[in-house]
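Observations on the model geometry
What follows is the residue order along each chain.
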Amino acid sequence: MRHLSIVAGAFSSGKTAVLEFIAYGLGAKRHPRHQEVLRKVRSCLLEVELSGEPHVIERSVGEPSKVAFVRRGTLDSRPASRAESRPIDPPGSLESLSSLLLRHCKLEGVQLREAPTNSESRTDPLSFRDLMWLAFLPNERVADKNFLFENDYIRKHKLRQVLDVAFGVHDDRAVELGQRIQELGGRLSRAKAELAAARAFVVEQAPTVLNGEPTPAVHERELADITSQLTELDRRAQAGTQFAAQLRHEHKEAAGASRRAAAVLRDCETQLQRLLPLRAQYADDLLKLGMLGEAQQLFDPLSVTTCPACLSRLSAPPTAADGRCSMCRHELTAWEGALTLGAVDTGSQHGESRVDVKAETRSTKARIKEITSYIDELGDSLAALKLQSENAALREEEAAAALDAATSPSVSPFLAARDDLHRRREQVLRQLEQAENSVKLREGLTKRADVVERHETDIARLREELAQLGDASQDRDRVIAKISSRYGELLRAWRYPKVSTPFIKTDLTPFVRGEPYQEASSGARTLLTLAWQLAVFEIAVEEGAAHPGFLMIDSPQKNLGHGGTLDAVIADAVAIGDFYQHLSRWLADRGSRAQLIVADNSPPPLVENDVVVRYSRNEDRPPYGLIEDETSVDEEADG
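Fair warning: this is a prediction, and the values are worked out from it, not measured in the lab. The residue count restarts for each chain, going from 1 along the sequence in the order it is written. Where totals are concerned, whole chains, interfaces and linings use all residues; where local detail is concerned, this predicted model gives features only for residues with pLDDT of at least 70, and gives and counts side-chain atom pairs only at 80 or more. Side-chain measures here rest on the full set of heavy atoms in the structure, leaving out hydrogens and waters.

Thoughts on the overall build of the protein chain
Only DSSP runs of H or I covering at least 4 residues are called helices, and only runs of E covering at least 2 are called strands; the numbering of each starts at the N terminus. Assigned secondary structure in the protein chain consists of 13 helices and 16 strands. Looking at the protein chain as a whole, 39% of its 639 residues qualify as buried. Contacts between residues were defined by any pair of non-hydrogen atoms, one from each residue, lying within 4.5 Å. Pairs at least 24 residues apart make up 68% of the contacts formed inside the protein chain by residues separated by at least 6 positions. Reported accessibility uses the Shrake-Rupley method at a 1.4 Å probe radius. Residues are deemed covered only where the shown protein chains occlude them. Split by element, the accessible area of the protein chain, about 35,700 Å² in all, is 51% carbon and sulfur. Each residue's exposure class comes from its accessible area (1.4 Å probe, protein chains only) as a fraction of the maximum for that residue type: buried when under 20%, exposed when over 50%, partly exposed otherwise.

Considering the sheet that holds strand β12 (residues 510-512)
By definition, two strands form a pair when at least two bridges between them are found by DSSP. Read from one edge of the open sheet, 3 strands run β11-β12-β13, paired in antiparallel fashion. Each edge of the open sheet is held by one strand with a lone partner, namely β11 (503-504) and β13 (515-516). Here β11 pairs with β12 via 2 bridges, running antiparallel. Across the sheet, the residue bridging to Ile-504 is Pro-510, located in β12.

A word on the pattern of salt bridges
Salt bridge, as applied in this entry: a Lys or Arg side-chain nitrogen positioned within 4 Å of an Asp or Glu carboxyl oxygen. Scanning the model with the defined rule gives 18 salt bridges in all. Close ionic contact of Asp-164 with Arg-476 constitutes a salt bridge, the shortest N to O distance being 2.8 Å. Here Arg-476 lies in helix α10 (residues 472-493) and Asp-164 lies in helix α5 (residues 153-167), a separation of 312 residues in the sequence. Both residues of the pair, Asp-164 and Arg-476, count as buried. Close ionic contact of Arg-486 with Glu-538 constitutes a salt bridge, the shortest N to O distance being 2.8 Å. Taken together, the residues Arg-486 in helix α10 and Glu-538 in helix α11 (residues 522-543) connect sequence positions 52 residues apart. Under the relative-accessibility criterion, Glu-538 is labelled buried at 1%. Overlapping salt bridges, with partners in common, bring together Glu-84, Arg-86, Glu-95 and Lys-447 in one network.

So, the sheet that holds strand β15 (residues 595-600)
The 5 strands are arranged β8-β14-β15-β1-β16 in an open sheet whose pairing can be described as parallel. Edge positions in the sheet fall to β8 (136-137) and β16 (611-615), since each has one partner strand and no second. Where strand β1 (residues 4-9) meets β15, 5 bridges bridge the pair, whose relative direction is parallel. Bridge assignment links Leu-4 to a residue of β15, and that residue is Leu-596.

Concerning the pairing of β15
Burial of β15 is extensive: 5 of the 6 residues sit out of reach of the surface. Sheet topology places strand β14 (residues 550-554) next to β15; 5 bridges connect them, and they run parallel. In the strand pairing of β15, Asp-554 is matched with Ala-599.

A short note on α5
Here, expected helix span is obtained from the residue count minus one, scaled by 1.5 Å. Between the first and last C-alpha of α5 there are 22 Å, a value that for 15 residues agrees with the 21 Å anticipated at 1.5 Å per step. Within the span of α5, buried status applies to Leu-159, Gln-161, Val-162, Leu-163, Asp-164, Val-165, Ala-166 and Phe-167. Once α5 finishes, Gly-168 follows within two positions and takes phi at roughly 70 degrees, a positive value.

Thoughts on the environment of Asp-164
The class of Asp-164 is buried, set by a relative accessible area of 5%. The sequence separation of Asp-164 and Arg-476 amounts to 312 residues, and the corresponding C-alpha distance is 7.2 Å.

Observations regarding the nonpolar core
Counting residues in each nonpolar core, the largest one holds 93 residues, and the members touching the most others are Leu-26, Phe-167 and Leu-596. For this core, the leading source of residues is α11, giving 13 residues. In this description, a nonpolar core means a group of buried Ala, Val, Leu, Ile, Met, Phe, Trp, Tyr and Cys residues linked to one another through side-chain atoms lying within 4.5 Å. Of all hydrophobic cores here, the second largest spans 11 residues; its members include Ile-181, Ala-198, Leu-445 and Leu-462.

Considerations on the pairing of β1
In summary, the side chains of a regular strand alternate between the two faces of the sheet. Burial analysis of β1 places 6 of its 6 residues in the buried class, the great majority of the element. The alternating pattern of β1 places Leu-4, Ile-6 and Ala-8 on one face and Ser-5, Val-7 and Gly-9 on the opposite face, and all of these are buried.

Notes on the packing of aromatic side chains
Stacked, edge-to-face and tilted labels apply to pairs of Phe, Tyr and Trp rings (six-membered ring for Trp) whose centres lie within 6.5 Å, assigned for plane angles under 30 degrees, over 60, and everything in between, in that order. Taken as a whole, this structure holds 7 aromatic pairs when the rule is applied. Aromatic side chains Phe-147 and Tyr-517 sit 6.1 Å apart centroid to centroid with 80 degrees between the ring planes, which places their arrangement in the edge-to-face category. With Phe-147 in the loop between β8 and α5 and Tyr-517 in the loop between β13 and α11, the pair connects residues that are 370 residues apart, well separated along the chain. Neither residue differs from the other here; Phe-147 and Tyr-517 are each classed as buried.

Some thoughts on unusual backbone geometry
One can expect most non-glycine residues to show negative phi and most peptide bonds to be in trans. A cis amide bond, omega -5 degrees, links Asp-89 with the succeeding residue Pro-90. Its place among the elements puts Pro-90 in the loop between β5 (84-87) and α3 (97-104). Of the consecutive residues Pro-622 and Pro-623, the connecting peptide bond is found in the cis state with omega at 0 degrees. Secondary-structure assignment places Pro-623 in the segment after β16. Unlike most non-glycine residues, Ser-51 shows phi in positive territory, near 55 degrees. Relative to the helices and strands, Ser-51 is located in the loop between β2 (43-50) and β3 (53-60). For Ser-51, a relative accessible area of 59% puts it in the exposed group. Its identity is not glycine, yet Lys-106 carries a phi of approximately 60 degrees, on the positive side. Note that Lys-106 resides in the loop between α3 and β6 (111-113). A relative accessible area of 46% places Lys-106 in the partly exposed class.

Notes on the environment of Ala-399
Relative to the assigned elements, Ala-399 resides in helix α9 (residues 357-467). What makes Ala-399 buried here is its relative accessible area of 13%. Between the C-alpha atom of Ala-399 and that of Arg-248, which follows or precedes it by 151 residues, the distance is 8.1 Å. If sequence neighbours within four positions are ignored, Ala-399 has contacts with Glu-250, His-251 and Ala-254.

Right under this line is the structure:
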């Protein structure tokens, strides 16, 4: 673990977003919502150490998630356990993410009074988000005149309660410890009952679970071994039947000939099925043509061979003479210039052709003859095609039998061995499934046993703490005095101009030169708020207080040379190198108990080795920013 990690880079490149995503992973309600983040980021994964054991916390990005998933392990390693779902709200729930984090800070179950001076006041459970006030100094609180939430009465008093709780010096400590011991005693009883019920269920339903049966890894190795044997068996079987290559080739050709013969037979039968109805249709057409010829002879309305007046036979057919009909002397029009006599169709007067029944009859008879001849040819060849197809199928069967007879002595042992391996494989798969179910049951029992052990440990620790409890007011005065002394040491180490009587009042307000921090200039407030936050963090680590053990600081050079209004007096007097030099020196004495994460635009060269990433905001010098491929001018990753 790195004790000091610095995220450096230009403005609006994503430095603040890194710290905000860490806070989001620890239960914050919101995450950075810049457009490039919403376009490219799907989830936030944060690796943390809980009581010395690495865990990974995952929360989805987009709409702030209501659930976090926690698993043992690191980001780079295989998960050591299945992820557990932890709701974000309500933070006081036993299964919430806040309760999990507070448990490892030894603050699970702490209640904060809404009215600290009223012993009958309602209480709210401590949330890890409240504890983050001591672990995260965001940019907006640096040099702010409302640094201690003076404009919000409830948050101001809650901040004092959080600090008192972290150092174990809050009022009614004995009563609170007694209540926590009593509540944990109830949880312990319920956890023991659940553990006993779970063990009884396992003994009844799966008694082998508690007898140390083989783990899934054993069955997985056996399954891999069987798969390897099957592959080797197939290879040996193929090598042992190479001599039958000619027989396989003959069988392949016989099978192809059989398929082709069957296809020809099928085509012949299909053509017969289509031509028989066609011949019947032509025969029907021939019948209709005969009926048409007879009708024309019997019912011709224009056969004029007799005078309609005297019924005498005409010596000559009527003619058109001088534009008039020779019979009725009717004047003929242009299209009636010619008289039509004999058998005609109803359209003959308009120039349409008369149906030649005889020609159509001859043509239809010719087609019927051709179709009948082709059908007869197909019928004659059908029997030969059936015989040819049957012979081809028989030759295929003979080739297959010959191939089987030649290869069976060589293949049969392999088939028997393959069947045996497949039976073993199915058996191992069933055993693997049973082993995985057993692991789940054992994990459930282990989880319940861990809960019982944890409650017993917490109760013993609280009882010991209760026995050693002293006067809360005196303890609190001692803690505030230590924080105040460290506050003054920091200001002097940073060469704060004309520093005199620096101290922190009992209400946690930082003073210098006899004035509260709100009266100082913008650059001076930067140093005062940094000194307050660092003093609390350092004393908490040194005293072994219930603090998360890390501190995130955003923009420690605010008003000292980067962004905002530059405080020339303070900026000229204070060297930022003194700030980082103190951090390095203090962390070197703390071992592995503390971690600082700083987001700074331009840290000094003396901490160059502590810079974990530097965002350039220049496309020619990657990484451009937190989202490396987002280089639009609309990017606003931090303030």
